[in-house]
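Structure at a glance
Read off the chains here:
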Amino acid sequence: MITFFKNIKLRPAHLFQGFFVVAISASAFGMVNRNISKTYSPISVVKKDSIASVKAFGEVYKVLMSPRCLNCHPAGDIPLQGDDSHVHQMYPQRGPNGKGLYAMKCANCHQDENTPGLHMPPGNPKWHLPPANMKMVFEGKTAHELAKQLLNKKENGNKNMEDLIKHADDGLVLAGFNPADGLKKPPLTHAEFKKAWITWLTTGAYAPAK
């Protein structure tokens, strides 16, 4: 490459044009890289590794059983509340679509963003529980039970591996890592959770022993 340029006499105009092309190419490459980070390609098992998979799910399980996730995945039809996961004080009901029943809708109190102030309602534009026909209960589940449930298309909303990986960036999942003032964050950062989640899935999605 160096020898090639030594044997060619470039005029200033050519140098400018070359620089312009390189600059545009570099800019385009950066844009592509940024776009790639926000898209997903079809993903399959990289290499089955039961030890790595079970270890990764152990980290995932810690997050899913934290109040920020557990409270919206109750065993009953009333959400849980607070860091101790007590029954929601206003006793709102799940309703068919998970958004509340009759006039008591989740969105009445849970706005598009967290309401400022200690112990005020957390917010998100799509705040809701799982729907009545797909409750996705976390409360009371062992790590084995929860792993099996997450992989069961009849219980996870017909999600395949790629869908499950995308779900790590779902708006409500992200909201759990940005709790309202006074509420504890999950035990992992979102990046750590996502890494463990993807590792679990791509190394065989093994369930811990019963």
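Here's what I pulled together on the structure shown here.

Moving on: the overall build of the chain. Of the regular secondary structure elements, the chain holds 9 helices and 4 strands. A burial count over the chain gives 31% of its 210 residues as buried. Just so you have it, the chain exposes about 13,600 Å², and 61% of that area is on carbon and sulfur atoms.

Turning our attention to the pattern of salt bridges. The tally for this structure, following the rule as stated, stands at 6 salt bridges. A salt bridge links Asp 83 to Arg 68; the nearest nitrogen and oxygen atoms lie 2.7 Å apart. Taken as a pair, Asp 83 in the loop between strand E1 (80-81) and strand E2 (86-87) and Arg 68 in helix H4 (residues 67-70) lie far apart in primary sequence, 15 residues in all. Overall, Arg 68 belongs to the buried group, its relative accessible area being 14%.

The next thing to look at is the packing of helix H6 (residues 143-151) against helix H9 (residues 190-202). The interhelical angle for the contact between H6 and H9, taken along N-to-C directions, is 75°, at an axis separation of 13 Å. When the interaxial angle is binned, H6 and H9 end up roughly perpendicular. Contact residues: Ala 147, Leu 150 and Leu 151 in H6; Trp 197, Trp 200 and Leu 201 in H9. Its residues assigned to classes, the contact of H6 with H9 comprises 6 nonpolar, no polar and no charged.

A distance of 2.7 Å separates a polar atom in the side chain of Arg 68 from a polar atom in the side chain of Asp 83. Within the local environment of Arg 68, its side chain forms a polar contact with the backbone oxygen of Lys 184, the two atoms lying 2.8 Å apart. Once you skip the residues sitting within four places of it in the chain, Arg 68 turns out to touch Gly 82, Asp 83, Gly 176, Pro 179, Leu 183, Lys 184, Lys 185 and Pro 186.

Residue position: His 110 is located in the loop between helix H5 (106-109) and H6. For His 110, a relative accessible area of 13% corresponds to the buried category. There is a polar contact of 2.7 Å between the side chain of His 110 and the backbone oxygen of Pro 122. If near-sequence neighbours (up to four positions away) are discounted, His 110 is found in contact with His 88, Pro 121, Pro 122, Asn 124 and Trp 127.

About the cut-offs
Residue indices follow the written sequence of each chain, beginning from 1 at its first position. With pLDDT at 70 or above as the cut-off, local features in this predicted model cover only qualifying residues; side-chain atom pairs require 80 or more to be listed or tallied, and sums for whole chains, interfaces and linings still use all residues. Each side-chain value is derived from all of the structure's non-hydrogen atoms; neither hydrogens nor water enter the calculation. The numbering of helices and of strands both runs from the N terminus, where a helix is a DSSP run of H or I of at least 4 residues and a strand a run of E of at least 2. Residue burial is assigned from relative accessible area. The probe radius is 1.4 Å, only protein chains are included, and a residue is buried under 20% of its type maximum, exposed over 50%, and partly exposed in between. Here the accessible surface of atoms and residues is derived via Shrake-Rupley with a 1.4 Å probe, and residues count as covered only by protein chains that are part of the display. Every case where a carboxyl oxygen of Asp or Glu lies within 4 Å of a side-chain nitrogen of Lys or Arg is listed as a salt bridge. Between the N-to-C directions of two axes lies an angle of 0 to 180 degrees, each axis being a line fitted to C-alpha atoms and, for a helix, fitted only over the stretch in contact. If an angle is under 35 degrees, it is roughly parallel; if it is over 145, roughly antiparallel; if it lies from 65 to 115, roughly perpendicular; otherwise it is oblique. In what follows, residue pairs with any heavy atoms lying within 4.5 Å of each other are defined as contacts. Each residue is assigned to one of three groups, with Ala, Val, Leu, Ile, Met, Phe, Trp, Tyr, Cys and Pro labelled nonpolar, Asp, Glu, Lys and Arg labelled charged, and all others, Gly among them, labelled polar. Polar contact criterion, stated in full: a pair of N or O atoms within 3.5 Å, where within protein one must be able to donate a hydrogen and the other to accept it, and residues adjacent in sequence count only if both atoms are side-chain atoms.

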